[in-house]
Structure formats: C-alpha cells, structure tokens
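Commentary on secondary and tertiary structure
So you can see what is in the structure, the chains are spelled out below.
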Amino acid sequence: VLSASGYVTARRLATVSAEITGRVLEVLVEEGMTVTAGQVLARLDPSLAKIEVDASEAGVRSARGTLSAAESDSTEAQRVLDRIRGIKSEFASKADNTRLEAAAKSAAARLVQAQGNLASAQQNLARARTLLGKHEIRAPFAGVVTTKDAQPGEIVSPSAAGGGFTRTGICTIVDMNSLEVEVEVNESFISRVKSGQKASATLDAYPEWEIPASVAAIIPTANRDKATVKVRIAIQTGDPRILPEMAAKVIFYDDTKPPMPAATPAPS
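The rules behind these values
Residue numbers restart at each chain and count upward from 1, following the sequence in its written direction. Whole-chain, interface and lining totals are the exception, using all residues; otherwise, since this is a predicted model, local features are given only for residues with pLDDT of at least 70 and side-chain atom pairs are given and counted only at 80 or more. Note that the side-chain values use all heavy atoms of the structure and ignore hydrogens as well as water. What makes a nonpolar core is a set of buried Ala, Val, Leu, Ile, Met, Phe, Trp, Tyr and Cys residues whose side-chain atoms join them at distances within 4.5 Å. Note on classification: 1.4 Å probe, protein chains only; a residue is buried when its accessible area is under 20% of the maximum for its type, exposed when over 50%, partly exposed between these limits. Each helix is a run of H or I in the DSSP string that is no shorter than four residues. Each strand is a run of E no shorter than two, and both are numbered from the N terminus. Contacts are residue-level and defined by heavy atoms, with any inter-residue pair within 4.5 Å sufficient. Any Lys or Arg side-chain nitrogen found within 4 Å of a carboxyl oxygen on Asp or Glu counts as a salt bridge. Put simply, two rings from Phe, Tyr or Trp (the six-membered ring, in Trp's case) pair if the centres are within 6.5 Å, and we call them stacked under 30 degrees between planes, edge-to-face over 60, tilted for the rest. The criterion for a charge sitting over a ring is simple: Lys NZ or Arg CZ within 6 Å of the ring centre, and within 35 degrees of the ring normal.

Before going further, it helps to examine the nonpolar core. One finds Val181, Val183, Val231, Ile233 and Phe252 to be the most contacted residues of the largest nonpolar core, which totals 26 residues. Listing elements by their share of this core, those giving two or more residues are strand E1 (2–10), strand E11 (179–186), strand E12 (198–203), strand E13 (206–223), strand E14 (228–235) and strand E15 (247–252). Residues within four places of Val181 in sequence aside, it is in contact with Tyr7, Val8, Ala201, Val231, Arg232, Ile233, Ile235, Ala248 and Val250. Counting residues in each nonpolar core, the second largest holds 20 residues, with Ala14, Ala18, Ala139 and Val145 among its members.

Okay, structure coming up:
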C-alpha cells in the first residue's frame, strides 16, 4: 500500500566517556570489537587516586587507634566513678564525686567524637576508592565498538572545558540487537500506516534481500518543512550485514486484504 525510504538506526547507542578528567593510560578496544556489559574499555592514569586511597586508609587506621584509646579511657573513667560511688560518704567527698563524674562525661564525649571521626574516615576511604574505580571506563551494555575516539596520552574529560585538545569520549558502542529502520512518510499517506503493521525492508547494499519487518511506532509529530511523519520500523531478524546508517527502502503491506489466490496453471 505504501513505500518509503530511510536509514538503519540504533535505538541503543552510547558514546562512552569518563566521569572524571584524566590522562588516558591505555585503550583496550578497536573498531569492530564486540564488548560485554561491564567490560573495561580504557584506563586513566590512577597515580593521584592511589595516593588518595593510601592517605584515606592511613586516616582510617589512625581513627581506629584513637577510638580504641577513647574506649579505654571511657571504660576506666566509668570504673573509677562507680568505685567512688560505692565508698561510704566519709571516705569520698562530694567534690571527688563531682570531679569523677565530669571526667567520665568528658571521656564519654571523646569516645563519641572518636566514633564520628572513624565514620568520617571510612567515608573518605570509600569516596577515594570510588574515584579510583572511575579511572577504569567500562561498557554500559553489550554491543559493538563503531568508533575509537581517544588514544593513550590524551586528556579526556566529561566536558570540553579543557579546550580543543581535550577528548570528551573514549569510543562509541552500538547494540546491534536494537537496530531498526527509520523512515519519513508523507503526511498525506500516514493514514495508511498503523502500529504493528506488516512491512518489509530492503537495503540498498543488498537490493535482492527482503527483510521481514513491522511498524514499531509512529512518532506523534510532523515535520512542517518536509510535510512528513517519522515512522520506526522494527526488523524481525538480526543479521551482521545490517549496519547502522545504511540506506533502506520499506514497503508497507495492507493487513486487511486477504492474500491473493495462487494462479491456476493453464491447461496444456
């Protein structure tokens, strides 16, 4: 009932970048390589991050030592206070009780402070380890590397604030299972298209190969300059020959019409 031209696009595509600014130590992928989710794609120089981790670990050890000393002091101060309270009043003055109560409260306060310092040091260590982990750039999902955008020795950053010599991406990954065809249908004929409608796609690179397809979605807006409506076509079969940005032609079928009967051969 209708035909339209368009291009193969990927619904799931990502330009992978680092979350921090750093110098590229190594890039572990090349164009055309298949990667899995979580696979390390590149590493940044982690020298400063490792120093931060070492310093944070030392801070945790120091905080634990301070906490241990504070616990001992608090326990001893409370023990002395309990002993004085158990002595008869003629052997322990009220001033002694007051002084020891103050000492016990002070030791308890130092204990609370030491506990807080340890918790803070542990948070700093966790933060330092997280930042160290960000020096490894990993694949967000499984796919194929289509472009390699950075080389060892270059500076990468999540933004271009570093100037023209700063890279913003490591590579681009495409999920080949998310490929579809995107076409633009003249708005005069969009009434002939509906969601789920059967279709077939033909690539310009393989004009004899008819690929089963169906209408995935009709984008609910029109292009006023072209007077067209964008339609997404789902490809029913995966094939390594289908590549992003390939030109394609889509034919839409009328599901309401019964199939044509087979022709009866003429008598001989």
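Resuming the write-up.
A few words on the side chain of Ser74. Along the chain, Ser74 turns up in helix H1 (residues 47–85). Using a relative accessible area of 14% as the deciding quantity, one classes Ser74 as buried. Ignoring sequence-local partners within four residues, the contact set of Ser74 consists of Ala107, Ala108 and Leu111.

What follows is about the pattern of salt bridges. Enumeration according to the criterion identifies 13 salt bridges in this entry. Between Glu57 and Arg129 there is a salt bridge; the shortest N-O distance is 3.2 Å. With Glu57 in helix H1 and Arg129 in helix H2 (residues 94–133), the pair connects residues that are 72 residues apart, well separated along the chain. Glu57 sits in the partly exposed class, given a relative accessible area of 25%. For Arg129, a relative accessible area of 48% translates into the label partly exposed. Via salt bridges that share partners, Glu26, Arg43, Glu136 and Arg138 belong to a single interconnected network.

We now examine the environment of Val174. Relative to the assigned elements, Val174 resides in strand E10 (residues 171–174). As a C-alpha pair, Val174 and Val35 span 139 residues in sequence and 9.9 Å in three-dimensional space. If we ignore the near neighbours within four places in the chain, the residues touching Val174 are Ala10, Arg12, Leu13, Phe141, Gly143, Val144, Thr146, Leu179 and Pro244.

In this structure the tally under the stated criterion is 1 aromatic pair. With a centroid separation of 6.0 Å and 80° between ring planes, the pair formed by Tyr206 and Trp209 is classed as edge-to-face. When its relative accessible area of 31% is taken as the criterion, Tyr206 is described as partly exposed. Residue classification places Trp209 among the buried positions, given a relative accessible area of 18%. The ring of Trp209 carries Arg241 above its face, with NZ or CZ at 3.8 Å from the centroid.

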